[in-house]
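Reading the structure
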Amino acid sequence: MDNEKLSLPGYDIPEDIQNAVAITTLDRLYNWGRRSSVWPLMFGLACCAIEMIAAQASRYDMARFGMEVMRPTPRQADLMLVSGTVTKKMVPALVRLYNQMPEPKYVVAMGACASSGGPFKEGYNVVAGIDKFLPVDVYIPGCPPTPQALIAGMIKLQEKIDKESLKKVRWYRKGADSVEVPVPILGPDLIDPRRNAEIKSAAAVKATQESAS
């Protein structure tokens, strides 16, 4: 299916009115508009950010995909492009920025560090992938990925947007239109509030064992 065009395939529209008439569906119209105006949040974490900047420059020109408008505020962005090593000190800020982004919003893990920790995975201060805290839509391999790889990842994100339906997306259902992720607590180590019950249970078992001995 050619999703670059608004009209549905299989309908023969005369050439003289192709620029004025389109036969399509509401889902296709909605997704066609969003896939061509994905605005990334303007920030970078490490060396992958240099490749991201190169992809935005004239040689690769991500304006062809409508993704050149990088916003300095999360309230105007709908794509978090995590480009670089995610440290434990940075995770609370990233989660807070993600929560401030309006729906629909997407997360792309650019490079080995953002996807799995990369060469620093065993480091005491590095998170083994941003997907430990945020839902990732597209993973881009590489260390660092080239601008071509980033563009390929953005095309995959467009393909995912093409498959969404107004009837099924979370932000048009009843209830909260956005799902916030609890902000991790940075202390002696990084604590995920979603694991509080698990941590308390493990602490109780340990206390019981110590009291028994």
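Read on for an overview of the structure. (Residues numbered from 1 in each chain as written. Predicted model: local features only at pLDDT ≥ 70, side-chain atom pairs only at ≥ 80, totals over all residues. Heavy atoms only, no water.)

1. Things to note about the overall build of the protein chain
Counting its regular elements, the protein chain contains six helices and five strands. Beginning at the N terminus, the succession of helices and strands in the protein chain can be written as α-α-β-α-β-α-β-α-β-β-α. The C-alpha atoms of the protein chain give 21 Å as radius of gyration, which overshoots the globular expectation for 213 residues (17 Å, by more than 25%). Once the C-alpha set of the protein chain is aligned to its principal axes, its extents read approximately 85 × 45 × 30 Å. (Helix = DSSP H or I, 4+ residues; strand = E, 2+ residues; numbered from the N terminus. Rg over C-alpha atoms; globule rule 2.2 N^0.38 Å.)

2. A closer look at the nonpolar core
With 25 residues, the main nonpolar core has Val108, Leu150, Met154 and Leu157 as its most contacted residues. Mapped by element, the contributors of at least two residues to this core are α2 (48-56), β1 (79-83), β2 (106-110), β3 (138-140) and α5 (147-162). For this core, the element with the most residues is α5, which contributes five residues. When near neighbours in sequence (up to four residues on either side) are disregarded, Met154 contacts Met62, Met67, Leu79, Leu81 and Val108. Val91, Leu94, Ala114 and Leu190 belong to the second-largest nonpolar core, a separate cluster that totals 21 residues. (Core = buried A, V, L, I, M, F, W, Y, C linked by side-chain atoms within 4.5 Å. Buried < 20%, exposed > 50% of the residue type's maximum accessible area, 1.4 Å probe, protein only. Contact = heavy atoms within 4.5 Å.)

3. Digging into the pattern of salt bridges
The full count for this structure, using the stated rule, is eight salt bridges. When the shortest N-O distance is used, the salt bridge between Glu103 and Arg170 registers 2.2 Å. Here Glu103, found in the loop between α3 (91-100) and β2, pairs with Arg170, found in the loop between α5 and β4 (185-186); they are 67 residues apart in sequence, far enough to count as distant. The exposure class of Glu103 is buried, given its relative accessible area of 18%. The salt bridge involving Lys160 is made with Asp137; its shortest N-O contact spans 2.5 Å. Taken together, the residues span a long stretch of sequence, with Lys160 in helix α5 and Asp137 in the loop between α4 (111-116) and β3 at a distance of 23 residues. (Salt bridge = Lys/Arg side-chain N within 4 Å of Asp/Glu carboxyl O.)

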